[in-house]
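# Topology and contacts: notes
Here is how the chains run, residue by residue.
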Amino acid sequence: MLDRNLRVSNYVYNKAVRYINSGKDKINKRHMRDILVTYQHKNGVINTNLKNFERDVHKDIRDGAVFPACVNYFNCMDAIKAGRIKHFRLKYRSNRTKRFSMTITKRMLKLS
């Protein structure tokens, strides 16, 4: 189960990087969360872009994968404005590496 959650977290992070690199919209982490993570919005609209294996994983794990992509983007933009770098490209996470990270929130933990 933990392995599946880590892989879905990487998958959602890579979707967020793909969305950022496409340059379609202005980058906003709440808007990206609504597009890439939320299955059913408050107004009842169903997000058809989510795959079944993504929906099997807790929303907070997927949400925690979108925010680091946004933070990385904003850090790079700040570095460009400060003149420390001239350009950047966000890279994808690989499932082959042995280093993984995943967000675990208090809401996900159930004590019985």
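In the block above lies the structure referred to throughout.
Notes on the structure follow. (Residues numbered from 1 in each chain as written. Predicted model: local features only at pLDDT ≥ 70, side-chain atom pairs only at ≥ 80, totals over all residues. Heavy atoms only, no water.)

### Focus: the packing of aromatic side chains
- One pass over the structure, following the stated rule, counts three aromatic pairs.
- Measuring from centroid to centroid gives 5.1 Å for Y11 and F53, while their planes differ by 65 degrees, and the two rings are edge-to-face. You can see Y11 sitting in helix 1 (residues 2-22) and its partner F53 sitting in helix 3 (residues 52-55), a full 42 residues away along the chain.
- On the basis of an interplanar angle of 65 degrees and a centroid distance of 6.0 Å, the ring pair of Y73 and F88 is categorised as edge-to-face. Within this pair, whereas Y73 is found in helix 4 (residues 59-82), its partner F88 is found in the segment after helix 4, the two being separated by 15 residues in sequence.
- Take Y73: its relative accessible area is 18%, and that puts it in the buried class.
- Among the residues examined, F88 registers a relative accessible area of 27% and is labelled partly exposed.
- Sitting above the plane of the F67 ring, K29 keeps its charged end 5.2 Å from the centroid.
- The cationic tip of R55 hangs over the ring face of Y39; the distance from NZ or CZ to the ring centre is 3.9 Å. (Phe/Tyr/Trp six-rings, centres within 6.5 Å; stacked < 30°, edge-to-face > 60°. Helix = DSSP H or I, 4+ residues; strand = E, 2+ residues; numbered from the N terminus. Buried < 20%, exposed > 50% of the residue type's maximum accessible area, 1.4 Å probe, protein only. Lys NZ or Arg CZ within 6 Å of the ring centre and 35° of its normal.)

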